[in-house]
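Here is how the chains run, residue by residue.
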Amino acid sequence: MIWKECDLLELHILISNSMIDLQKEYSIELIRISTSVSITNLNVESSCDLVNWTKIPLKFNICGDKMLEICFDRQVISRYLKLNIDLFSNQIKVFTSKYDALCLCSRGDGFGSRMLNFLYVKYIIDKCPNFKFGFTWSERKNIENEVYIATKEELFTKEYLDLYCYNEKLCYENLFFSGSRSIADLQRKKVFTHSFGDYQSSVFLGKSHFSDFDLDDFKEKCPKIFEDIRFSHKYKNLYNQSKKILNNFVGIHMRSGDVVYNISQRKMYFTWQAPMNRVCPPELVVAIAIELIKNGEKVVIFSDDIHLALKCKKYCNSDLVYAANELLDKNLGRFEKDFCELILLSCAKLIIAPQESTYSILASYIGKSNIKTFNEYMPFNKQYQKILENIQFDSHRLQKASTYGFLTKLAENLHLKDEEISTNLKSLVEYDPDNSGAVFKLCDIKFNQKKERECEEILQKLNNFSLIAEDILWIRACATYEFQKYFSNYLRFAVPKYPNISYIASIIRQKAFDNEIFKDHLLKLLLEQPTPQLKAIAKEKPIPSIYLVTAKHRIHNHLAYKLGSAMILNSKSLWGYIRMPYVLSYIKEAHRKEIADYEARVAKNPSLKLPPLESYTDYKQALKEKECFTYKLGKALITANSVRGGGRIFAYLQFFQEVRKLKKEFRGKRK
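Residues numbered from 1 in each chain as written. Predicted model: local features only at pLDDT ≥ 70, side-chain atom pairs only at ≥ 80, totals over all residues. Heavy atoms only, no water.

Draft legend 1. Spatial organisation of the overall build of the protein. In terms of regular secondary structure, the protein is built from 30 helices and 17 strands. Taken over C-alpha atoms, the radius of gyration comes to 36 Å for the protein, far larger than the 26 Å a tight globule of 671 residues would show. With respect to the three principal axes, the spread of C-alpha positions in the protein is 110 × 85 × 45 Å. Considering the protein as a whole, with its 671 residues, one finds that 52% of them fall into the buried category. (Helix = DSSP H or I, 4+ residues; strand = E, 2+ residues; numbered from the N terminus. Rg over C-alpha atoms; globule rule 2.2 N^0.38 Å. Buried < 20%, exposed > 50% of the residue type's maximum accessible area, 1.4 Å probe, protein only.)

Draft legend 2. Representation of unusual backbone geometry in the model. Its identity is not glycine, yet Lys 368 carries a phi of approximately 55°, on the positive side. Inspection of the secondary structure assignment puts Lys 368 in the loop between helix H13 (358-367) and strand S17 (370-373). Note on Lys 368: relative accessible area 49%, which makes it partly exposed.

Draft legend 3. Focus on the state of the cysteines. With the rule as written, the count across this model stands at 0 disulfides. Here Cys 103 stays free of any disulfide, with the sulfur of Cys 105 as its closest cysteine sulfur at 5.9 Å. Of the residues examined, Cys 103 reaches a relative accessible area of 0% and is grouped as buried. Cysteine Cys 128 remains unbridged, with the sulfur of Cys 103 as its closest cysteine sulfur at 9.3 Å. Residue classification places Cys 128 among the buried positions, given a relative accessible area of 0%. (Disulfide = S-S within 2.5 Å.)

Draft legend 4. Spotlight on helix H26 (residues 559-570). Between its terminal C-alpha atoms H26 stretches 16 Å, which fits the 16 Å expected from 12 residues at 1.5 Å a residue. Taken residue by residue, H26 has Leu 559, Ala 560, Tyr 561, Leu 563, Gly 564, Ala 566, Met 567 and Asn 570 as its buried positions. (Expected span 1.5 Å × (residues − 1).)

Draft legend 5. Structural context of the sheet that holds strand S11 (residues 131-135). One open sheet accounts for 3 strands, arranged S11-S10-S12; its pairing is parallel. What marks the edges here is a single partner per strand, and that holds for S11 and strand S12 (197-200). Adjacent strand axes in the sheet meet at a mean angle of 25°, parallel and antiparallel pairs treated alike. Two strands pair when backbone bridges link them, and strand S10 (residues 101-105) and S11 are joined in this way by 5 bridges, in the parallel orientation. Bridge assignment links Leu 104 to a residue of S11, and that residue is Gly 134. Across the face of the sheet, helix H1 (residues 111-125) comes into contact with S10, S11 and S12 while running at roughly 165° to S11. (Pairing = 2+ DSSP bridges. Axes fitted to C-alpha atoms, helices over the stretch in contact; angles between N-to-C directions. Contact = heavy atoms within 4.5 Å.)

Draft legend 6. Structural view of the packing of helix H10 (residues 282-294) against helix H11 (residues 306-316). The geometry of H10 relative to H11 is characterised by a closest axis approach of 10 Å and an angle of 45° between their N-to-C directions. One element, H10, and the other, H11, form an angle in the oblique class. H10 and H11 meet at a crossing whose hand is right-handed. Contact residues: Pro 282, Val 286, Ala 289, Ile 290 and Ile 293 in H10; Leu 308, Cys 312, Tyr 315 and Cys 316 in H11. (Parallel < 35°, antiparallel > 145°, perpendicular 65-115°, else oblique. Left-handed = near helix turned anticlockwise from the far one by under 90°.)

Draft legend 7. Summary view of the pairing of S17. Two elements, strand S16 (residues 350-353) and S17, share 4 bridges in a ladder whose sense is parallel. Within S17, the position partnered with Ile 352 by the bridge is Lys 372. You can see the chain leave S16, run along H13 and come back into S17, and the turn it takes is right-handed. (Right-handed = clockwise from strand over helix to strand, strands pointing away.)

In structure tokens form, the structure reads like this:
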């Protein structure tokens, strides 16, 4: 049972004839039995009408010598209960929940995202008195360049944890609000995924979720919702102290951490928008800061990378620029500093931040501060120019790599030439050679420019080529390949003169072609470019032979040619003659199935339809195959088999005459 003692409501019950009457239907959460004897083999049945009874799976919790608690694996709605014990000799209490459902905030990432989740959910749940707000809290280890969060015991008061913190597993779901188009709809919701209610992990809610969501009202209430969170005495004091540090300043949030130093995040710069939307080049930060101090503004740079923030301050060379960390007590711990910086940032008159920074958004909500993203503050072309002007800024190689990733996205948004984009990508790979996503992105540009030789050279120069190549099949969090969109060009250019491209293609074909999507892609390639390499790939996989195409092969795939070949092969021994009818029957059935599969594929995807034979370059040469002995032999058998009824025996006699005639004809041609 997930519910806390304070969430439970004891029901008034009537007991008679080994049955409990709850007097109306309830969702039962707990049965508590006080007994002086040991209870074994307890059974509980429930009913709503005294006619239909259901045995309930039970969970037992023994509380001391004389107390037994019964919980349930699933939601139990009942009016009547039967227990196979003496109900009058034992004190029995039945409990339901005070609430229709529990909405659990459940995130395992940074403090900004967790608290933003709190604000949105608490705002909605406060409008629904029949629902309860709660949260789970997962811990993060104190690892450099990774997100770190204080324990729940350190951050919140015991009373707050007793009321709202639940020991459920971390679960990223957004099911509580699903199916509700308005807050009014939500209040009427009765069906939930879990017996207690559902999880809600989203950090952004609004009109897209609820038609009656009032963003202005939400922003107005955010400071009060945040203040009502019962932080521990230590963090309440830190909150009050941080509010008094500085005022009338512009805060710039320069996020570092996982989007710079975590390899999984870096690999996704060009396949998933979130990591790049969080990247914040220090070259851009110092450019904005210098521009602001020229107008007499005080600037505070906030960052999870303290040394980087201090470098930015030094680069700006002005007393009007501060690193947030230097304004705080030097004796504070890592998360204590993060907490204080958040509160200080909420005091800024303007916050400038990356595209996706829940930390900055949270600060703007709890302090009612104005907030602008880099893109809102400065146009793309000016950002690009300012970063290049300050590219000599000294930073960690991975920080510099993220800057070049940012420049790559800006160059794409500005529709700059491919060569400019490639130059930025090459610089990224130089600073971060392990970033397979950047390598595949760079190669994709070269492929699309029809410069596959340059792509081969890029791969050839990699010191860690085999590791990068294996990453082509990297799966992030779902069942799809992160770099799937890059597959086609490696398969297309898998030829002997490009061994590195071919090696990556071999990895794709060996592991990825079990998927129907990839099979269809290979079929298209075989139609467009029937090279020996692609045919070799197809032979390793269950690809219909009909697609291994030249005009000659198409004719060899005709039923007549297949039957003729089988008859010639099996006519060389007595055993061959004996098994020939079975072989021919099998070939005919297999051919029928192959044609049916082909027609089904074409119906599903018309682009897989084979072109006319006349369109093949070897068409005229291939026509000679129809005049060969093998083809004519098979055709004669098909003609004989097509006759029905009593005429078939004469058809077969005619077939044998046709075979003798063909033998004589082709012996004559050999002479």
